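# Chains, contacts and geometry: an overview
Letter by letter, the chains look like this.
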Number of protein chains: 2
Amino acid sequence: MKAYQELSKEELLSLQAQLAAAYEDAKGKGLKLDMSRGKPSIAQLNMAMDFMDVINSESDMRTEDGVDVRNYGVLDGIPESKRLMADIMGVNADNVIVCGNASLTIMFDTVARSMTHGVLGSTPWCKLDRVKFLCPVPGYDRHFSIMEYFGIEMINVPMTPNGPDMDMVERLVAQDESIKGIWCVPKYSNPQGYSYSDETVKRFAALKPAAADFRIYWDNAYAVHHLYDDRQDEILDILTECEKAGNADMVYIFGSTSKVTFAGAGIAAVASSKANLDAIRKSMTIQTIGYDKINQLCHVRYFKNFEAVKAHMRKHAEIMRPKFETVLRILDNELGGLGIGQWTRPNGGYFISFDAMEGCAKAIVSKCKEAGMVLTGAGATYPYGKDPKDSNIRIAPTFPTTEEMEMATELFVLCVKLVSVEKLLEEK
Amino acid sequence: MKAYQELSKEELLSLQAQLAAAYEDAKGKGLKLDMSRGKPSIAQLNMAMDFMDVINSESDMRTEDGVDVRNYGVLDGIPESKRLMADIMGVNADNVIVCGNASLTIMFDTVARSMTHGVLGSTPWCKLDRVKFLCPVPGYDRHFSIMEYFGIEMINVPMTPNGPDMDMVERLVAQDESIKGIWCVPKYSNPQGYSYSDETVKRFAALKPAAADFRIYWDNAYAVHHLYDDRQDEILDILTECEKAGNADMVYIFGSTSKVTFAGAGIAAVASSKANLDAIRKSMTIQTIGYDKINQLCHVRYFKNFEAVKAHMRKHAEIMRPKFETVLRILDNELGGLGIGQWTRPNGGYFISFDAMEGCAKAIVSKCKEAGMVLTGAGATYPYGKDPKDSNIRIAPTFPTTEEMEMATELFVLCVKLVSVEKLLEEK
């Protein structure tokens, strides 16, 4: 295939007519596809239905240390659930607090607490004129929403296949005391599926921030979410690296089983240093009597050990892999060599990131929508919803079936081609 | 019996010797009793174990409107759970948001949101020099802890058997713009078990607060927690009364099933006006993708309707009533007419409130502890843990068995007598 940029105006016009006709055909099909969010599929959820049998009316409802999970008590998670989450998050159980059903809520609460109470004795952020966070881009829209909600200024930091641009991160945090944090999805990043290299993690751990209350928000959402048996990304334990670098308090790690058992009905956890966890516990004793220990116990009884989690996730991978491969196959076949898009090939996680020609993302998403396919809004992967190049589109292949993903991707590449041709024609 | 105040010094001294000997005996028994918190008993929890069978691997996991509860989606509660909580809270389902496992967390989050974002457009409280709340006393220590945590000043308002002193409430809220709220447990109040009269509720609804962002925090924790079939307190629906009075936005109602199904593993809800709920939803979309819908569905499938909730709570009452009656019988028999204590006789809720002679509560709690019985800390029922009269003690009869409650109350009255005699001797 010839790159679109090399086509003459006449060739482009003829191509446009051809693509427009195909698009009208596609619209006529009355498709109803949703690739907007990173949701588990029905097959993944069905696979875990035996979870519902793990506790019944005859079950012993006590933890290993004899606590009745049906009653009040135990602020920061039952011990066995701490071990399970520690294994998933790659940390020690002593460094873990198990909370409710969503790591997003823990992240929100962590920022909210910093706003009203500061961080280990620092000035509450709501008393400061300016608070800023670094945001590797593209990134996760819900992280950015928390920032906007609290009026925290976001600074874009470019992502690379090895993680954020660390030169820029090191320089900015060292010089600006108003920078209080950075959002990271270190493994199978959202949306690119990149995993931070060992060097990146070590450079994070060795940061010398101007602000004593600077924290790394390490959202390890896809810790065990590999797509392949033989190609698995692993990242260094940031907590250990921070300790080694004398920065033990500099990181909060977040994780959950939302995409392991049930989305929105899993258990979530935060891992950090003792000093940070003590501060969290201090505010937790005010905010709650304790989280849902029955669900914590269900998770432990269901999995028993970390090996079972990994086996379970291999079954997830079997369901998800064909969908990712279908998307990649169609992207390769249909767009390879055309010069109108680039995409990532992640080994895990929930997304493929697509970069269209500059100025095309919004139009592509809108064209897809018109033909019955919902994508994550263009710009959503950037702070304030503003992708400076209007280029990035997040593809979420997990929820639809493989057949639906095939139809969806075919429609997607059609829209990419059509919008790209129109863009190139504008410029002729 | 003669009142202790009428005894001569000699009589008091002889009584003291007798009581001290009995106390030494009691201490020798090595008791280990806990009346400190309002926890359901094991019998109550066992009674609900069929809850664990209500959903199994064969269950249809969709809501009545077809949503898969195992996946993301539905921010503010599945419709059928809203109806269930609305029935329990005595409001319309349209006015309800169902959240996670604890109403305390909803209350905390509501105050936290007001701190950082204000209330329906008002100045965020963290930007104000002073924020105050009215606290009917004695009251619930965890409400007061939220206030202390956020540096909100608490003003004591005396409770009466009909509710807070409304003359004082009306006067204070009308004159002081820094008063932003009041904490109420309107039914079977914690700790006295008082229920607000219709007049009290109407006066609340008709308040004319100086602060537009003044809100009534209506913690209807014991809405269906009656002890008797034939003596049940009912309160007016504050939301309807507020609407009638042109104060639709002035109240948040909180409730949960923590003491209906399982403590800490129930579902919690907030009820309010559409404007208030929209503001809550706006911040919820940032804080969470949604709460645990599987547990919401379990609750709905378990109870099916409100009649079943009431039947369930009648069984709770059968378990709890003998404990309350045991405490009251021993208090009546042992302390009646002695002039050294007064106590409440609630028709529901989780507590009996005891007022010792002034200056005796701390000493009584401490004496009980020394003999192996933990009570809620003296002073805990007051803001800042400071009972100005050092008189109030909260008795929580629910968790121990009836036999344990009998032993506990006998030890309690012994300590009351001993401390009272010592107090009277000091004054001689």
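All figures in this text were calculated on a predicted structure; none of them were measured in a lab.

### Regarding the overall build of chain A
Counting secondary structure elements, chain A contains 13 helices and 13 strands. A globule of 428 residues ought to have a C-alpha radius of gyration of about 22 Å, and chain A, at 23 Å, matches this closely. Taking the principal axes of the C-alpha coordinates as reference, chain A spans close to 75 × 55 × 35 Å. The buried share among the 428 residues of chain A stands at 62%. The contacts in chain A between residues at least 6 apart in sequence include a share of 76% that link residues at least 24 apart. By element, 48% of the accessible surface of chain A is carried by carbon and sulfur atoms, the whole surface being about 15800 Å². One way to put it: in chain A the 48 positive side-chain charges average out to a point 3 Å from where the 58 negative ones average out.

### Focus on the sheet that holds strand β11 (residues 352-356) of chain A
Residue and element names in this part refer to chain A. Taken together, the 3 strands give an open sheet; going across it, the order is β10-β11-β13, and neighbouring strands pair in antiparallel fashion. Looking at the sheet topology across the chains shown, the edges are occupied by β10 (341-343) and β13 (392-395). Pairs of neighbouring strands in the sheet enclose a mean axial angle of 20°, with direction left out of account. As defined by bridge partners, β11 adjoins β13 across 4 bridges and the pair is classed as antiparallel. Paired with Ser 353 across the strands is Arg 394, a residue of β13. Its contacts with the sheet put helix α11 (residues 306-335) on β10, β11 and β13, and the angle it makes with β11 is roughly 20°.

### Considering the pairing of strand β6 (residues 179-184) of chain B
Residues and elements named next belong to chain B. Burial analysis of β6 places 6 of its 6 residues in the buried class, the great majority of the element. Note that strand β3 (residues 132-137) and β6 share 3 bridges and pair parallel. When the bridges of β6 are listed, Lys 132 appears paired with Ile 179. Pairing of β6 with strand β7 (residues 215-219), which is carried by 4 bridges, proceeds in the parallel orientation. Across the sheet, the residue bridging to Trp 183 is Tyr 217, located in β7.

### Concerning the relation of the copies chain B and chain A
When chain B is fitted to chain A, the residual RMSD is 0.1 Å, and the transformation amounts to a turn of 180° plus an axial shift of 0.0 Å. The operation mapping one copy onto its partner corresponds to a two-fold rotation axis. Comparing contact sets, 100% of the residues at the interface of chain B also lie at the interface in chain A, consistent with an isologous, same-surface contact.

### Quick look at the nonpolar core
A general tendency of soluble globular proteins is for nonpolar side chains to be buried together. By size, the foremost hydrophobic cluster in this structure holds 119 residues, and its most contacted members are Phe204(A), Trp218(A), Phe204(B), Ile216(B) and Trp218(B). Discounting residues that sit within four places of it in the chain, Phe204(B) has contacts with Pro164(B), Met166(B), Val169(B), Ile182(B), Cys184(B), Tyr196(B), Ile216(B), Trp218(B), Ile238(B) and Met250(B). Residues Phe150(B), Ile152(B), Tyr217(B) and Tyr252(B) belong to the second largest nonpolar core, which totals 70 residues.

### Describing unusual backbone geometry
Residue and element names in this part refer to chain A. In this structure, Pro 138 follows Val 137 across a cis peptide bond, with omega equal to -5°. Within the fold, Pro 138 resides in the loop between β3 (132-137) and α5 (141-149). Notably, Val 74 is not glycine yet its phi reads approximately 70°, a positive angle. Residue Val 74 is classed as partly exposed on the basis of its relative accessible area of 27%.

### What to know about the pattern of salt bridges
All names here are of chain B. Tallied over the entire structure, the rule returns 48 salt bridges over all chains. Residue Glu 370 pairs with Lys 27 through a salt bridge whose shortest N-O separation is 2.9 Å. Within this pair, whereas Glu 370 is found in helix α12 (residues 361-370), its partner Lys 27 is found in helix α1 (residues 9-28), the two being separated by 343 residues in sequence. The class of Glu 370 is partly exposed, set by a relative accessible area of 49%. Judged by relative accessible area, which is 27%, Lys 27 ranks as partly exposed.

### Looking at the packing of aromatic side chains
Applying the stated criterion to the full structure yields 40 aromatic pairs over all chains. Between Trp125(A) and Phe133(A), the ring centres sit 5.8 Å apart and the planes meet at 70°, which makes this aromatic pair edge-to-face. Looking at Trp125(A), the relative accessible area reads 2%, which means it is buried. Joined through ring pairs, the aromatic side chains of Trp125(A), Phe133(A), Trp183(A), Tyr217(A), Tyr252(A) and Phe254(A) make up one cluster. Sitting over the ring of Tyr350(B), Lys259(B) keeps its end group 5.5 Å from the ring centre.

### Some words on helix α7 (residues 198-205) of chain B
For the α-helix, the turn length of 3.6 residues means that residues three or four positions removed from each other point alike. Residue and element names in this part refer to chain B. The complete set of buried residues in α7 reads Thr 200, Val 201, Phe 204 and Ala 205. Taken around the axis of α7, the buried residues stretch over an arc of 135°, which confines them to a single face. Those residues of α7 that are buried are in contact with β5 (163-164), α6 (166-175), β6, β7 and α8 (238-244).

### Let's talk about the packing of helix α3 (residues 79-89) of chain A against helix α10 (residues 293-303) of chain A
Residue and element names in this part refer to chain A. As a packed pair, α3 and α10 sit with axes 9 Å apart at the nearest point and diverge in direction by 60°. Comparing the axis directions of α3 and α10 gives the class oblique. Two packed elements cross with a definite hand, and for α3 against α10 that hand is left-handed. Note on element contacts: α10 touches α3 through Gln 296, Leu 297, His 299, Val 300 and Phe 303, opposite Glu 80, Ser 81 and Leu 84. Of the residues contributing to the contact of α3 with α10, the split by class is 4 nonpolar, 3 polar and 1 charged.

### So, the interface of chain B and chain A
The interface is formed by 55 residues belonging to chain B together with 55 residues belonging to chain A. Buried surface at the junction of chain B and chain A, both sides included, amounts to about 4700 Å², of which 57% is carbon and sulfur. Where chain B packs against chain A, one counts 0 salt bridges. Across the contact surface, chain B and chain A share 20 residue pairs in polar contact (both at pLDDT 80 or more). Broken down by secondary-structure element, the contributors of at least two residues to the side of chain B that touches chain A are α2 (42-47), α4 (103-117), α5 (141-149), α9 (274-287) and α10 (293-303) of chain B. Here the element with the most residues in the side of chain B that touches chain A is α4(B); it accounts for 8 residues.

### Quick look at the side chain of Thr200(B)
By the element assignment, Thr200(B) lies in helix α7. Excluding anything up to four places from it in sequence, Thr200(B) contacts Asn162(B), Gly163(B), Pro164(B) and Met166(B).

### Examining the pairing of strand β4 (residues 153-160) of chain A
All names here are of chain A. By the bridge criterion, 6 bridges tie β3 to β4 in an arrangement that is parallel. Along β4, the bridge assignment pairs Cys 135 with Asn 156. Read from β3 through α5 to β4, the crossover connection turns out right-handed. Taken together, the 2 bridges between β4 and strand β5 (residues 163-164) define a ladder with antiparallel strand orientation. Across the sheet, the residue bridging to Met 159 is Pro 164, located in β5.

### What about helix α3 (residues 79-89) of chain B?
Residue and element names in this part refer to chain B. With respect to burial, α3 is a largely interior element, 8 of its 11 residues being buried. For α3, the set of buried residues is Glu 80, Ser 81, Lys 82, Leu 84, Met 85, Ala 86, Ile 88 and Met 89. Structurally, α3 contributes buried residues whose contacts are with β2 (96-98), β8 (251-256), β9 (268-271), α10 and α11 (306-335). Looking at the residues trailing α3, positive phi occurs at Gly 90, about 70°.

### Description of the environment of Leu19(A)
All names here are of chain A. Positionally, Leu 19 belongs in helix α1 (residues 9-28). In the structure, Leu 19 is positioned 64 residues away from Arg 83 in sequence and 55 Å away in space, judged by C-alpha atoms. Beyond its immediate chain neighbours, meaning those up to four positions away, Leu 19 contacts Tyr 4, Leu 414, Lys 417, Leu 418 and Val 421.

### Points about the confidence of the model for chain A
Regions with low pLDDT should not have their predicted coordinates read in detail. Per-residue pLDDT for chain A averages 97, and the proportion of residues at 70 or more is 100%. For this predicted complex, the interface confidence reaches an ipTM of 0.97, while the overall pTM sits at 0.97.

### Examining the sheet that holds strand β13 (residues 392-395) of chain B
Residue and element names in this part refer to chain B. The 3 strands are arranged β10-β11-β13 in an open sheet whose pairing can be described as antiparallel. In this open sheet, the two strands that pair with only one neighbour each are β10 (341-343) and β13. On average, each strand axis in the sheet is inclined to that of its neighbour by 20°, with strand direction left out of account. Relative to strand β11 (residues 352-356), β10 is paired through 3 bridges, and the arrangement is antiparallel. Following the sheet pairing, Gln 342 is matched in β11 by Asp 355. Sitting on the sheet, α11 is in contact with β10, β11 and β13, with an inclination near 20° to β11.

Quick notes on the rules
Residues numbered from 1 in each chain as written. Chains lettered and ligands numbered in written order. Predicted model: local features only at pLDDT ≥ 70, side-chain atom pairs only at ≥ 80, totals over all residues. Heavy atoms only, no water. Helix = DSSP H or I, 4+ residues; strand = E, 2+ residues; numbered from the N terminus. Rg over C-alpha atoms; globule rule 2.2 N^0.38 Å. Buried < 20%, exposed > 50% of the residue type's maximum accessible area, 1.4 Å probe, protein only. Contact = heavy atoms within 4.5 Å. Areas by Shrake-Rupley, 256 points an atom, 1.4 Å probe, with all protein chains shown as cover. Lys, Arg positive; Asp, Glu negative; His and termini not counted. Charge placed at Lys NZ, Arg CZ, Asp CG, Glu CD. Pairing = 2+ DSSP bridges. Axes fitted to C-alpha atoms, helices over the stretch in contact; angles between N-to-C directions. Least-squares fit on C-alpha atoms with pLDDT ≥ 70 in both. Core = buried A, V, L, I, M, F, W, Y, C linked by side-chain atoms within 4.5 Å. Salt bridge = Lys/Arg side-chain N within 4 Å of Asp/Glu carboxyl O. Phe/Tyr/Trp six-rings, centres within 6.5 Å; stacked < 30°, edge-to-face > 60°. Lys NZ or Arg CZ within 6 Å of the ring centre and 35° of its normal. Arc of directions from axis to C-beta. Parallel < 35°, antiparallel > 145°, perpendicular 65-115°, else oblique. Left-handed = near helix turned anticlockwise from the far one by under 90°. Nonpolar A, V, L, I, M, F, W, Y, C, P; charged D, E, K, R; others polar. Buried area = accessible area lost by both parts, 1.4 Å probe. Polar contact = N/O pair within 3.5 Å; in protein donor to acceptor, adjacent residues only side chain to side chain. Right-handed = clockwise from strand over helix to strand, strands pointing away. pLDDT = per-residue confidence, 0-100.

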